[in-house]
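# Descriptive analysis of the structure
Spelled out from the first residue to the last, the chains are:
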Amino acid sequence: MIDINRSLHLGHNPAENITIKIVGIGGAGSNALDRIVLDGVENADLVAMNTDVQALTGSVAAEKVQLGREVTRGLGAGGDPELGVAAAEESLEAIRTSLEHASMVFVCVGLGGGTGSGAAPLIAGLAKEQGALVVVFATMPFGFEGKRRRRQADEALEALAREADAVICFENDKMGDAISPKAGIHQAFASADLTISQSVRAIASLFKRPGLIHIGFDDLRVALQNHGAQCVFGFGEAEGDNRANEALTRALKSSLMDRGRMLGDAQSVLVNICGGPEMTLNEVQILMEELGKHISDDAQIRFGSSVDRAMGNRMSVTIISSVAVEVEQVAKPQPAVIPPVALPPRISRVQPKPVAKRQPVVVEPEPVETDEDVEEMEQPAVASPAESFVEAVAEPMEEAHFAEPSAPDSPASEDEAGDDSLFGLDEPKPAAKAPAQVEKPAARPRPPVTRPPRIITQPSPVAAFSAAPKSSQEKQETLQFEPVTRGRFEKSEPTIVDGQDLDVPTFLRRNVRVK
Amino acid sequence: MARANIFVGLEIGTSKICAVVGESRTDGSLRILGVGQVPSRGVRKGEIVDFETATQCVKDAIAEAEDKSDVTVGSVFLAITGSHISSFNNRGSVMIPEDQEEIEDSDLDNVRAAAAEVSIPSQNAFIHSILQHYYVDGQEGVLNPVGMLGRKLDADFHIVHGIRTRIQNAIRCVKELDVEVEDAVFSPLASAQVVLDHHQKNLGALLIDIGGGTTDYIVYVDGAVKQSGTLALGGDHITNDISMGLRLPIARAEKLKVEEGSVILGNCLPGETVVLQDESGFVGKEVERETLNTIIHMRVRETFDLLKRKLQQQDNYLDYLGAGIFITGGCSLLKGIDHLAGEVFELPVHIARAQSMAGVKSAIENPQLAAAIGLIKYAQAIHMDKPRGWISRLKQKLPRFLGLLLFFIS
């Protein structure tokens, strides 16, 4: 009975059967891993991978994989990514075994060096092959580490973006800002590790904790999808009477937040609030209201909330988002321009191909367009709309590998998984299915020309991911609260005692009619 | 010392900023020379939110006080408040070295330092550590152990701390004006200096200072501070409630609260109304008096309820308040507030203001100024302590010294 397969055993609870592996690659990666162990992470296996045996022995991770036993002979990769790649290639089998059965793989890596930059993309790719969701936490080197390292890091990042489902990128320079100028360099690196550790734990618990309002992997991807040069991440925890406010303040003070200023530009923000059973709606409400002041009105807020007994009377807030480079923000409303813009390496960070997928969606807002217009959009002279449709469907298909059958318990929400399986995951099936759907327009070519795109957007949430954040999901995800009035105290720090906002008139809180 | 000491108390309150200039006579009496008072802007809930505006108001208040008292203000004692301030009791203890016979002054300093060795949040700073009692080898209630024999000296302290940067903001606001801040004093502690007398502190008393943005409280039992704190609730909240409940502009609501407001329910005729006049004297809106009073009543009762719960959480000193409750601050002028407090706390309640003072009568009678006047008394107490300690010690040693001298001469 004890040996029973974990995923079978826990099959009835989708949140429980996610096996998370946290992989630290290279020196920086294993440092981050050590920090994660120190801080404690729930139900995740930690794997350290390094070329340097000495560093590997020093790591506290339970599982260790030495890369390139022959190539580097137990020494480091010496800052040469080529050597890193070679080392990883040599140890392919070992890596594969260590990543078996994982449904989520978090890769922690410091880019710029040899092992990290070289091996990480390969390892991410392997994890992907095994059917896991791959989230990469990458740190970019400090400015003073030199331009060459920076270039190597940029290249590796680009490669990682191709392999992984999501890349969260931390600029060491940015994190250094948060530290007092007097602090030692050691502390600067430690703070980077701390930030990574916090985000790994926050994201892991995002999927692990029982959610009142659950945040799925899809939400995370959208939040990070902005092709942002910069990931915005904030985490704060607090207890006491004013915990909602303090937790938020701390989250906004996080090094990657720039005191919440970064959020102003974000298109899509993921917020998860976690607290003990005593967390009140009012607190959540206050917190979200405060947070709302930092987020632009157009931004989509993906809100999740979970209750965890272990939190006691603490409350934590996790804010994840990404901010686009300015060029892109301009380009965004005109998807036709995007392909050339999106090609430069630094931009396509999360998903290399969503740009292509955007095309079918774009057609939707203009349903009255004539056939000719559509032809213009889909560059290959479209003989019949059916062809373009097949293309469009096949495109998202390639991206859909994160919901492969081997990982049926992926954290992507259930209905989504259902949608994906509707397409089937092997190539021939959708190809067969798609024309069938389009047969109707083919029969009556002229009038319903604009329909195919519409069909595409509906059954395929995968495509919806890449759509501009103003999808129909928006209304479902944000909680609509009854407006609370605090009058002249609107802008001041709220007075909260026992979970009640005392700035709201007493008679309103007690529901006493005064007129 | 022939020259009288001049002290200035400055309170940066939510509704008004006031500077009080007082003179401490050699016989220990105090006299208020002048008061500068301006409506406060840029302060919310006792804390500065708009630095420049607040600085300007402080400047005006000090200038007015200088004008009225004909004194140049060089340094002030500053009252601070805000919800970030919290307090607790802690006991420190030191062992007296074997080779030392009696307890000395330095041991008192050591025990104070020992009591302060507690963890407060890293962003916080100590504001006060107020002595409660000494214990010598377990003997309770020693007031001054210097000169006593003993091996172990303990002392209970009441420690008040708050967020460092917020305290510094208030201090900087004054320093901008080239005025020194001699000491920052937690506002209810200052009020208690003038509102409560020695006797009341010994019997046990609760002082509630309900100001514009905060309600500060301090509990004295057996002459020592046992509990203190701040609720970020005050007169502004009442005004805000009225403004929202009756849909009036804030200024109008404030006027209505001051002129017509009462916390007593069921005391007016059915359908009795208050007629609001606009600036030109025209009859404007009518407001039902009972509605107005209900809004005020609910807020004030809630504040008292909260306070009561807060006081009961810790050792329940409410049972030891022989002298009862003293309410001061601007909101103590609300009609019937003493009755309501009596109802909630089930204790005798007094509306209190500064006592044992001479000088500008209107200032002393005004409970809004209790904290600022209290600062002067606090300053006096500190200054009396210092020179007197030094002189008296000299006086004590002088005869011995002279005796020795005489001995050698002879």
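Let me begin by describing the structure that accompanies this report. Every value quoted in this text rests on a predicted model; they were computed, and no experiment measured them.

### Overview of the overall build of chain B
Scanning chain B from N- to C-terminus turns up 11 helices and 19 strands. Looking at the 410 residues of chain B, the share that counts as buried comes to 53%. A sequence separation of at least 24 residues applies to 68% of the contacts in chain B between residues at least 6 apart. Per element, the accessible surface of chain B, about 19,200 Å² overall, is 50% carbon and sulfur.

### Points about the pattern of salt bridges
Throughout the structure, instances matching the rule amount to 21 salt bridges over all chains. Residue Glu-302 of chain B pairs with Arg-509 of chain A through a salt bridge whose shortest N-O separation is 2.5 Å. With Glu-302 of chain B in helix α8 (residues 289-313) and Arg-509 of chain A in helix α23 (residues 506-509), this pair bridges two chains. With a relative accessible area of 4%, Glu-302 of chain B lands in the buried category. Arg-299 of chain B is paired through a salt bridge with Glu-302 of chain B; the nearest N and O atoms lie 3.6 Å apart. Of this pair, Arg-299 of chain B and Glu-302 of chain B both sit in helix α8, three residues apart, roughly one helical turn. Residues participating in the shared-partner salt-bridge network are Arg-509 and Arg-510 of chain A together with Asp-241, Arg-299 and Glu-302 of chain B.

### A short note on the interface of chain B and chain A
Taken together, the 22 residues of chain B in the interface contact 24 residues of chain A. Taken together, the two surfaces of chain B and chain A that pack against each other cover about 2,100 Å², and 56% of this comes from carbon and sulfur. Note that Asp-503 of chain A and Lys-45 of chain B form a salt bridge whose closest N and O atoms lie 2.7 Å from each other. Across the chain B-chain A interface, the total number found is nine residue pairs in polar contact (both at pLDDT 80 or more). For the side of chain B that touches chain A, the elements supplying multiple residues, two or more each, are α6 (235-245) and α8 of chain B. If one sorts the elements of the side of chain B that touches chain A by residue count, α8 of chain B sits on top with seven residues. Within the side of chain B that touches chain A, the residues separate by chemical class into eight nonpolar, four polar and 10 charged.

### A look at the sheet that holds strand β3 (residues 30-39) of chain B
All names here are of chain B. Strand order in the open sheet made by the six strands is β11-β6-β1-β2-β3-β19, with mixed pairing throughout. Among the strands making up the open sheet, the edge pair consists of β11 (180-186) and β19 (358-359). Sheet topology places strand β1 (residues 5-12) next to strand β6 (residues 75-80); three bridges connect them, and they run parallel. By the bridge assignment for β6, Glu-11 is matched with Ala-79. Across the sheet, helix α1 (residues 51-69) lies against β1, β2 (16-24) and β3, angled at about 145° from β3, the strand it touches most. Across the face of the sheet, helix α3 (residues 164-175) comes into contact with β1, β6 and β11 while running at roughly 150° to β6.

### A word on the side chain of Gln-193 of chain B
Residue and element names in this part refer to chain B. Position of Gln-193 among the secondary structure elements: in helix α4 (residues 187-195). Polar contacts involving the side chain of Gln-193 include one to the main-chain carbonyl oxygen of Leu-189, which spans 3.1 Å. When sequence neighbours within four positions are dropped, the list of residues in contact with Gln-193 reads Lys-201, Tyr-220, Gly-374, Lys-377 and Tyr-378.

### Concerning the packing of aromatic side chains
Residues and elements named next belong to chain B. Applying the stated criterion across every chain yields a total of four aromatic pairs over all chains. A ring pair is formed by Phe-304 and Phe-345, whose centres lie 5.7 Å apart and whose planes are at 70°; its orientation type is edge-to-face. One end of the pair, Phe-304, is in helix α8; the other, Phe-345, is in helix α9 (residues 337-345), with 41 residues separating them in the sequence. Overall, the relative accessible area of 4% leaves Phe-345 in the buried class. When the ring centre of Tyr-135 is taken as origin, the NZ or CZ atom of Arg-91, which lies over that ring, is 4.2 Å away.

Definitions and limits used
Residues numbered from 1 in each chain as written. Chains lettered and ligands numbered in written order. Predicted model: local features only at pLDDT ≥ 70, side-chain atom pairs only at ≥ 80, totals over all residues. Heavy atoms only, no water. Helix = DSSP H or I, 4+ residues; strand = E, 2+ residues; numbered from the N terminus. Buried < 20%, exposed > 50% of the residue type's maximum accessible area, 1.4 Å probe, protein only. Contact = heavy atoms within 4.5 Å. Areas by Shrake-Rupley, 256 points an atom, 1.4 Å probe, with all protein chains shown as cover. Salt bridge = Lys/Arg side-chain N within 4 Å of Asp/Glu carboxyl O. Buried area = accessible area lost by both parts, 1.4 Å probe. Polar contact = N/O pair within 3.5 Å; in protein donor to acceptor, adjacent residues only side chain to side chain. Nonpolar A, V, L, I, M, F, W, Y, C, P; charged D, E, K, R; others polar. Pairing = 2+ DSSP bridges. Axes fitted to C-alpha atoms, helices over the stretch in contact; angles between N-to-C directions. Phe/Tyr/Trp six-rings, centres within 6.5 Å; stacked < 30°, edge-to-face > 60°. Lys NZ or Arg CZ within 6 Å of the ring centre and 35° of its normal.

Honestly, it's all geometry; don't read function into it.
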